Amino acid sequence: MTISDLYTIMPIVITAGAALFVLLCGPMLLSASLTAIGVTASAAAGLWAALGTPASTQAVSGLCFTPLARFLIPVFCFAAAVTLLLSHSYNERRGIKGEEFPATVLFALFALCVLPCATNMLILFLALESVSFAFYILVSMDLNRAESGEAGLKYLLMGAVAAAFTAFGFALLFTGSGTLQLSGALARPDNRAIISAGWGVILVGMAFKLSLVPGHLWTPDVYQGAPAPVSAFLSTSSKVAAAALLLILLALFPPMPELRVPLAALSVLSMVLGNLAALLQQNIKRMLAYSSVAHMGYLSLALLSGSRDGYAAVLLYGAVYTAMNLAAFGAISSLSIDEERELVTDYAGLGFTAPLRGGVLALAMISLAGIPPTAGFIGKFFIFYSAIKGGSIALAIIGILSAAASAYFYLRVVAQLYMHRSQAPAPRAVSLAEGLALCLASAMILLIGVYPGPLLKAIDTALQ
């Protein structure tokens with residue numbers, strides 16, 4: 001390996017080094033120092049990736065800094081940095097101490113940075129499952145809550161089954177193509193049946209990773225049981241990583257006609273049932289969990305097009321959804337005291353008593369509903385545009401109608417914030433780290449909604 005090769009994979013080196021440093025030196029450092037190290041490492045890795053030049057050759061065996069990696073790594077790093085900022089005060093209030101939390105977040109970020117750089121199917125699979133292993137730990141990190149341990153166990157058991165399906169699907173793709181290398185793995189005509197079977201099994205595993213119906217049943221319980229900052233990280237980075245894996249594989253094995261029906265079924269069921277279930281929820285984290293099911297249905301709708309416009313819409317929506325959910329779960333995290341505010345009615349009047357956090361939560365809800373001029377509107381517009389352009393007009397109409405119905409439960413939260421009064425005491429003051437994280441997420445929502453040009457240009461470059 002040359003110095004030039006090392007520079008091309010520097011985001012991976014930075015995150016791995018920071019994770020090891022935090023884990024080994026954590027007992028000798030203050031919690032604020034550990035958070036600062038994690039945020040600094042995340043920002044450094046994201047900036048290096050954003051400003052770096054993609055390479056045409058492998059830096060090391062199985063890794064190459066691709067244009068897709070140049071786009072996705074900053075998104076992952078942004079999510080990790082915001083999560084660490086949100087978790088510092090939250091962990092102190094909840095008694096989550098030690099270096100394990102920031103180290104695990106950095107290990108997850110390391111695997112997330114590896115995934116878009118993978119040049120063979122084995123590393124692609126290992127990176128995705130390494131992300132899942134980190135989240136199994138993070139979800140159950142709050143030892144003072146029985147719900148956290150239950151959520152971690154449920155996620156682990158169901159994740160193991162999904163991993164088995166995904167591994168078997170990769171094995172079938174390897175059998176049909178004859179190589180693990182992505183660049184040379186072209187399906188032979190006589191192995192079409194094997195490749196189709198491999199795609200079918202992979203879709204089962206990805207239905208779990210993306211929370212697509214019927215692989216969504218873990219989502220509300222895990223989101224509710226996990227610490228709020230972990231729910232923010234899990235609901236964004238893990239979903240974008242799974243979508244990125246599908247994009248990489250679709251570039252290798254173009255979508256076949258036999259994949260259209262199961263993918264369309266997953267998309268429709270997720271959009272409709274996700275929004276209908278969210279309408280009935282009184283717990284805000286469960287509501288956002290079912291909302292996540294619906295949003296991944298929208299994302300699958302763009303994948304269904306099999307076109308460059310559809311893949312661009314997937315990347316755009318991944319970045320947009322990251323900003324929206326970080327803002328939503330970040331506000332929930334910051335407004336928690338000894339216990340999280342679980343019910344929607346617990347947020348009554350907080351738009352007045354906690355104006356910054358109430359405003360961020362309201363902005364996130366408005367954006368998730370797809371109301372302009374927020375990033376959510378831009379994301380949904382391109383999703384449905386790509387679906388209509390790709391010929392899936394009926395599915396796009398179903399998506400638009402379900403998105404319109406979702407406005408009810410999102411705006412219900414806004415109504416509680418500003419149209420109801422509460423007798424509960426005012427929440428504690430927002431910390432500097434939480435305020436910075438919430439402002440960053442809110443700025444991304446507004447910036448993408450008002451001026452999406454630079455992001456669209458970056459996505460066009462990533463798909464080259």
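Everything numeric in this text was worked out from a predicted model, so none of it was measured.

Brief notes about a negative patch on the surface
- The grouping of Glu-147, Glu-150, Glu-342 and Asp-346 at the surface amounts to a negative patch.
- In this fold, Glu-342 is placed in the loop between α13 (308-335) and α14 (350-353).

What to know about the layout of surface pockets
- The space that makes up the largest pocket amounts to roughly 770 Å³.
- Along the wall of the largest pocket there are 30 residues; nearest its centre are Ala-50, Phe-71, Pro-74, Val-75 and Leu-455.
- Sorting the residues of the lining of the largest pocket by element identifies α3 (31-51), α4 (67-94), α13, α18 (432-450) and α19 (453-462) as the ones contributing at least two each.
- At 10 residues, α4 tops the list of elements feeding residues into the lining of the largest pocket.
- Across the lining of the largest pocket, the residue classes tally to 24 nonpolar, four polar and two charged.

Side note on the packing of helix α10 (residues 228-252) against helix α12 (residues 284-304)
- At a minimum axis distance of 12 Å, the contact between α10 and α12 shows a crossing angle of 15 degrees. Relative to α12, α10 is oriented roughly parallel. Between α10 and α12 lies a crossing whose hand is right-handed. Contacts from Ala-228, Ser-231, Lys-239, Ala-243, Leu-246, Leu-247 and Leu-250 of α10 reach α12 at Lys-285, Ser-292, Met-296, Leu-299 and Leu-303.
- For the contact of α10 with α12, a count of residues per class yields eight nonpolar, two polar and two charged.

Here's the deal with the nonpolar core
- Counting 164 residues, the largest nonpolar core has Phe-71, Tyr-155, Phe-233, Leu-249, Met-287, Leu-303 and Met-365 as its most contacted members.
- Looking at which element gives the most residues to this core, the answer is α13, with 18 residues.
- Excluding anything up to four places from it in sequence, Phe-233 contacts Phe-76, Ala-79, Ala-80, Thr-83, Val-105, Ala-108, Leu-112, Phe-135, Leu-138 and Ser-238.

Notes on helix α8 (residues 192-209)
- When the terminal C-alpha atoms of α8 are compared, their 25 Å separation across 18 residues agrees well with the 26 Å that a helix rising 1.5 Å per residue should span.
- Its buried side turned inward, α8 meets α6 (121-139), α7 (146-177), α10 and α11 (257-279).
- Two residues or fewer after α8 comes Ser-211, characterised by a positive phi angle close to 60 degrees.

Brief notes about the side chain of Lys-380
- Of note, Lys-380 is situated in helix α16 (residues 375-389).
- Despite its burial, Lys-380 pairs with no opposite charge; the closest candidate is Asp-309, at 20 Å N-O.
- In this structure, Lys-380 is in contact with His-295, Tyr-298, Tyr-317, Leu-368, Ala-369, Gly-370, Ala-403 and Ser-406, ignoring residues within four places of it in sequence.

Describing the pattern of salt bridges
- Considering all chains together, one arrives at nine salt bridges under this definition.
- Notably, a salt bridge pairs Glu-129 with Lys-209, separated by 3.2 Å at the nearest N-O pair. Highlighted residues: Glu-129 in helix α6 and Lys-209 in helix α8, separated in sequence by 80 residues. With respect to burial, Glu-129 and Lys-209 carry one shared label: buried.
- In this structure, Arg-308 engages Asp-460 in a salt bridge whose closest nitrogen and oxygen atoms are separated by 2.9 Å.

Structural notes on the packing of aromatic side chains
- Scanning the model with the defined rule gives 16 aromatic pairs in all.
- Their ring planes at 15 degrees and their centres at 4.9 Å tell us that Tyr-155 and Trp-218 sit as a pair that is stacked. One end of the pair, Tyr-155, is in helix α7; the other, Trp-218, is in the loop between α8 and α9 (219-225), and 63 residues separate them in sequence. The pair formed by Tyr-155 and Trp-218 is uniform in burial state, with each residue classed as buried.
- Taking the centre distance of 6.4 Å and the plane angle of 15 degrees together, the rings of Tyr-317 and Tyr-321 count as stacked.

With respect to empty space enclosed by the protein
- Counted under the stated rule, the structure contains two cavities of 30 Å³ or more.
- When its volume is computed, the largest cavity comes out at roughly 70 Å³.
- Every residue lining the largest cavity is listed: Leu-128, Val-131, Ser-132, Phe-135, Tyr-155, Phe-208, Lys-209, Trp-218, Ser-238 and Ala-241.
- When contributions to the lining of the largest cavity are tallied by element, the ones reaching two or more residues are α6, α8 and α10.
- Looking at the lining of the largest cavity, the element that brings in the most residues is α6, giving four residues.
- For the lining of the largest cavity, a count of residues per class yields seven nonpolar, two polar and one charged.
- Each pocket or cavity is described by its volume, and for the second largest cavity that value is around 40 Å³.
- Every residue lining the second largest cavity is listed: Leu-72, Val-240, Ala-243, Ala-244, Leu-247, Leu-299, Val-314, Leu-315 and Gly-318.
- Elements with a contribution of two residues or more to the lining of the second largest cavity: α10 and α13.
- In terms of residue count, α10 provides more of the lining of the second largest cavity than any other element does, four residues in total.

About the thresholds
Residues numbered from 1 in each chain as written. Predicted model: local features only at pLDDT ≥ 70, side-chain atom pairs only at ≥ 80, totals over all residues. Heavy atoms only, no water. Patch = residues over 30% accessible without salt bridge, like charges linked within 9 Å, V, L, I, M, F, W, Y side chains within 5 Å. Areas by Shrake-Rupley, 256 points an atom, 1.4 Å probe, with all protein chains shown as cover. Salt bridge = Lys/Arg side-chain N within 4 Å of Asp/Glu carboxyl O. Lys, Arg positive; Asp, Glu negative; His and termini not counted. Charge placed at Lys NZ, Arg CZ, Asp CG, Glu CD. Helix = DSSP H or I, 4+ residues; strand = E, 2+ residues; numbered from the N terminus. 1 Å grid on protein atoms, 1.4 Å probe; cavity = no way out; pocket = protein on both sides within 12 Å on 5 of 7 lines; lining within 4 Å. Points joined across faces, edges and corners; volume = space filled by probe spheres on them. Nonpolar A, V, L, I, M, F, W, Y, C, P; charged D, E, K, R; others polar. Axes fitted to C-alpha atoms, helices over the stretch in contact; angles between N-to-C directions. Parallel < 35°, antiparallel > 145°, perpendicular 65-115°, else oblique. Left-handed = near helix turned anticlockwise from the far one by under 90°. Contact = heavy atoms within 4.5 Å. Core = buried A, V, L, I, M, F, W, Y, C linked by side-chain atoms within 4.5 Å. Buried < 20%, exposed > 50% of the residue type's maximum accessible area, 1.4 Å probe, protein only. Expected span 1.5 Å × (residues − 1). Phe/Tyr/Trp six-rings, centres within 6.5 Å; stacked < 30°, edge-to-face > 60°.

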